[in-house]
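Remarks on the overall topology
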Amino acid sequence: RDLHSFPTRRSSDLVHLLCGCMPLHLETFIHAHLALGFAEARIHLRTGLFGDLVGNIQRARESDGDGAIVVIEWSDLDPRLGFRASAGWRIETLDDIVAQVQEKSRRLEANLLELSKKMFVAVAAPGLELPPMAYLPPSQTGNFELSLNAILAEFLHRTARHDGIRLVSSAKLAMTSPHNARHDVRMDLHAGFPYTLTHADALAEVSVQCLFPSPPKKGVITDLDQTLWKGILGDAGVDGISWSLEGRSQAHALYQQVLASMAHSGVLVAIASKNDPELVAAALQRADILLQPSQIFPMEVSWGVKSEAVGRILEAWNIGADSVVFVDDSPMELAEVSEKYPAMECLRFPSDDPTAILALLLQLRARFGKSEVLEEDRLRLKSIRESAAPWQENASEPAADFLARIEAKVTVEAAGPDQRAFELVNKTNQFNLNGVRYTETEWKSLSLRPGAFLATVSYEDRFGPLGRIAVLGGYRKRDLCYVDIWVMSCRAFSRQIEFQSIRQLFHKTGASEIRFRFKPTDRNGPLQTFFARFFHNGSSAESELHLRSDDFERVCPSLFHEVNDKWTM
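So, here is what we can say about the structure in this document. Keep in mind the model is a prediction, meaning the values are calculated, not measured. (Residues numbered from 1 in each chain as written. Predicted model: local features only at pLDDT ≥ 70, side-chain atom pairs only at ≥ 80, totals over all residues. Heavy atoms only, no water.)

Once that is clear, we can look at the overall build of the chain. Broken down by element type, the chain carries 21 helices and 17 strands. Whereas a compact globule of 569 residues would reach a radius of gyration of roughly 25 Å, the chain reaches 27 Å, a difference of no more than 12%. The dimensions of the chain, computed from C-alpha atoms along their principal axes, are 85 × 75 × 35 Å. Here the chain holds 569 residues, and 52% of them are scored as buried. Restricting to contacts in the chain with at least 6 residues of sequence separation, those with at least 24 account for 73%. (Helix = DSSP H or I, 4+ residues; strand = E, 2+ residues; numbered from the N terminus. Rg over C-alpha atoms; globule rule 2.2 N^0.38 Å. Buried < 20%, exposed > 50% of the residue type's maximum accessible area, 1.4 Å probe, protein only. Contact = heavy atoms within 4.5 Å.)

Turning next to the sheet that holds strand 11 (residues 409-414). The strand order across the open sheet formed by seven strands is 16-15-14-13-12-11-17, and the pairing between neighbours is mixed. In the strand order of this sheet, the two ends are held by strand 16 (543-548) and strand 17 (562-566), each with one partner. Averaged over all neighbouring strand pairs, the angle between strand axes comes to 25 degrees, with direction disregarded. As paired strands, strand 12 (residues 452-461) and strand 13 (residues 464-477) are joined by 10 bridges and run antiparallel to one another. Residue pairing in the sheet places Ser 458 in a bridge with Arg 468 of strand 13. In this fold helix 17 (residues 419-427) packs onto strand 12, strand 13 and strand 14 (480-488), with an angle of close to 85 degrees to the strand it touches most, strand 13. Taken strand by strand, helix 19 (residues 497-509) contacts strand 11, strand 12, strand 13, strand 14, strand 15 (513-518), strand 16 and strand 17, and its axis lies near 150 degrees from that of strand 14. (Pairing = 2+ DSSP bridges. Axes fitted to C-alpha atoms, helices over the stretch in contact; angles between N-to-C directions.)

Time to look at the nonpolar core. With 61 residues, the main nonpolar core has Trp 486, Phe 516 and Phe 531 as its most contacted residues. Sequence-distant contacts of Trp 486, that is, excluding residues within four places in its chain, are made with Phe 431, Asn 432, Leu 433, Val 471, Leu 472, Glu 498, Ser 501, Ile 502, Phe 516, Leu 527, Phe 530 and Phe 531. Leu 233, Val 238, Ala 260 and Val 269 belong to the second-largest nonpolar core, a separate cluster that totals 35 residues. (Core = buried A, V, L, I, M, F, W, Y, C linked by side-chain atoms within 4.5 Å.)

By the definition in use, this model includes 21 salt bridges. A salt bridge links Asp 223 to Lys 306; its shortest N-O distance comes to 3.6 Å. Of this pair, Asp 223 sits in the loop between strand 6 (219-222) and helix 9 (233-236) while Lys 306 sits in helix 12 (residues 306-317), and the two are 83 residues apart along the sequence. Given a relative accessible area of 6%, Asp 223 falls into the buried group. Residue class for Lys 306 comes out buried when judged on its relative accessible area of 2%. The closest approach of N and O atoms between Arg 312 and Glu 300, which form a salt bridge, is 2.8 Å. Residue Arg 312 is located in helix 12, and its partner Glu 300 is located in strand 8 (residues 299-302); the two are separated by 12 residues in the primary sequence. Accessibility expressed as a relative area gives 36% for Arg 312, which makes it partly exposed. (Salt bridge = Lys/Arg side-chain N within 4 Å of Asp/Glu carboxyl O.)

Here the focus is helix 1 (residues 24-37). Relative to the 20 Å expected for 14 residues at 1.5 Å per residue, helix 1 spans 21 Å between its end C-alpha atoms, a close match to the ideal helical length. Of all the residues in helix 1, the buried ones are Leu 26, Ile 30, His 33, Leu 34 and Gly 37. Mapping the buried residues of helix 1 onto a view down its axis gives an arc of 100 degrees, with all of them on the same face. Opposite the buried face of helix 1, at more than 90 degrees from it, the exposed residues are Thr 28 and Leu 36. Where helix 1 is buried, its residues contact strand 1 (13-19), strand 2 (43-46), strand 3 (67-71) and helix 8 (197-211). (Expected span 1.5 Å × (residues − 1). Arc of directions from axis to C-beta.)

On to the sheet that holds strand 8, then. Pairing is parallel in the open sheet, where five strands are placed in the order 8-7-6-9-10. Two strands bound the open sheet, and with one partner strand each, they are strand 8 and strand 10 (345-348). Across the sheet, the mean angle from the axis of one strand to that of its neighbour is 15 degrees, orientation sign disregarded. Relative to strand 8, strand 7 (residues 268-274) runs parallel, the two being bridged by four bridges. Across the sheet, the residue bridging to Ile 271 is Met 299, located in strand 8. Helix 10 (residues 250-264) rests against strand 6, strand 7 and strand 9 (324-328) of the sheet, and its axis sits at about 150 degrees to strand 6. Contacting strand 7, strand 9 and strand 10, helix 13 (residues 331-340) crosses the sheet at an angle of about 180 degrees to strand 10.

So, on to the side chain of Thr 428. Looking at the secondary structure, you find Thr 428 in the loop between helix 17 and helix 18 (440-445). Given the relative accessible area of 7%, Thr 428 is considered buried. Of note is the side chain of Thr 428, whose polar atom sits 2.5 Å from the backbone oxygen of Leu 424. Every residue in contact with Thr 428, bar those within four places of it in the chain, is listed here: Arg 437, Val 487 and Met 488. (Polar contact = N/O pair within 3.5 Å; in protein donor to acceptor, adjacent residues only side chain to side chain.)

What follows concerns helix 17. The buried fraction of helix 17 is high, at seven of nine residues. Inspection of helix 17 places Arg 420, Ala 421, Phe 422, Glu 423, Leu 424, Val 425 and Asn 426 among the buried residues, and these make up the whole buried set.

We now examine the pairing of strand 7. Burial within strand 7 is extensive, with six of its seven residues counted as buried. Here four bridges tie strand 6 to strand 7, and the two strands are oriented parallel to one another. Within strand 7, the position partnered with Val 220 by the bridge is Val 269. In this fold, strand 7 hands off to helix 11 (residues 277-283), which returns the chain to strand 8; that crossover is right-handed. (Right-handed = clockwise from strand over helix to strand, strands pointing away.)

At a minimum axis distance of 10 Å, the contact between helix 10 and helix 14 (residues 354-368) shows a crossing angle of 5 degrees. In terms of orientation, helix 10 and helix 14 fall into the roughly parallel class. Together, Ala 251, Leu 254, Tyr 255, Val 258, Ser 261 and Met 262 of helix 10 and Pro 354, Ile 357, Leu 361, Leu 364, Arg 365 and Phe 368 of helix 14 make up the contact between the two elements. In terms of residue class, the contact of helix 10 with helix 14 is made up of 10 nonpolar, one polar and one charged. (Parallel < 35°, antiparallel > 145°, perpendicular 65-115°, else oblique. Nonpolar A, V, L, I, M, F, W, Y, C, P; charged D, E, K, R; others polar.)

Take Arg 158: it is sitting in helix 5 (residues 143-160). Owing to a relative accessible area of 14%, Arg 158 belongs among the buried residues under this scheme. With near-sequence residues (within four places) excluded, Arg 158 lies in contact with Ser 105, Arg 106 and Glu 109.

All right, on to the packing of aromatic side chains then. Evaluated as defined, the whole model comprises 23 aromatic pairs. Seen in terms of ring centroids, Phe 499 and Phe 530 are 4.9 Å apart; in terms of plane orientation they differ by 75 degrees. Their pairing is edge-to-face. Placement of the pair is Phe 499 in helix 19 and Phe 530 in helix 20 (residues 525-531), with a sequence separation of 31 residues. Take Phe 499 and Phe 530: they sit in the same class, and that class is buried. (Phe/Tyr/Trp six-rings, centres within 6.5 Å; stacked < 30°, edge-to-face > 60°.)

So, in structure tokens, the structure goes:
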């Protein structure tokens, strides 16, 4: 996983498994799923004491860790709600149990909040059924059960609002582990481990995915006929295609809605279709279209080879094929694109199977899901659309003349370990100093280094704002500046922001020399090309590259940015 890959520079990495039951098979499965996700890391899984969930959380707060998985069951909120408590099922004690669960959930929330200040936490809510305690028949729900579920819902709702706490999806877990196949009563009574092997595996997998989510993809390229809509546009005409319940094509409407929602959250959406451009333009202007033309860029509509259209879209977006999903109903088109771009994920749109279409939509959500939507995400399509044409039109002009006329503004400001900077560092490949990825816990600790600094660079010009597009991080030691973090979004290429970033780094740190902790990767070619201006061997070997201020100024071109300095050190 790229977003939260464990660093390989340490000998081991620590994850906590915190539960009130005996961990047994759950520990084994969690360790296995961590190993599958982070093959190069040596992962140590630390557990706690039997029957003491709150105490286990408190003890985890006193140690380090890359994250914690907290598994809660009803018996952790009151032992009488478990099967191991003898003589606990008396009708007259039900009100007391409700009160105990309320009080215990408050204590649990307070301890989870404190733990989340040190590391990220994934919380799994109770997944086993309550024991048959009340006098009602199993087909009827009573006030006792409703009261417990209400307390649990309020607890989860409050907990989910805390930064650093993520809730394991009960719906996702239920897809692979139905409720009636979760409880191993024999193991619960004999060994204190309540889960079947199947449920332990499913719970482990979803919990690891929740704690360490995969990095979201950046863009989706979609076909039109029998994909975005039902029907062949050239045969049926603009009014003959459909995406409605009345036209028995509601699944295509759901697909449009998902794409529109993804575009709103910053995902790039493009069209690659063998079709008539005029007919497509007319179809996309229909009043009932759910994916708006303003949310699509670029549109590659022609009768040419599909993979060539995909290549032009990648060039316009300036991102790698491995960050893109291609959706088409034709197995042949999928195979042709996949052969040309093997790193791209190619998914078939099963136009004749609504159930499979729903599964595809869930798959897209999994590929593009993110914990929050930042303003930079919303700006991405606008900046690409507005800057692509002017820059292409002026490609023949001298770069300096063009840059001098676009009213470029650069804002440099100190950054705490915020989410946007973290995402940029962990998802940027082409202009990346060394390819190092950070866990969220490590990211929070960067600012604790002596002399540490972390800065972000934002950019805008007359074509529109790009938002925060670069991150610089390192530390000062005497008159030297050590840089071990430097990434820049591909959207910012060709604007000389990299030169301005170094100039500001010299200016703000007062260093006479910057030492870059550089490592070439198979994907950071643009940064290697940039460094070749200063270091003859900088693009071929891992090294600490030394750049003196006077050497930099001799090579630096004329810069036309208006600099807004908000960086205080």
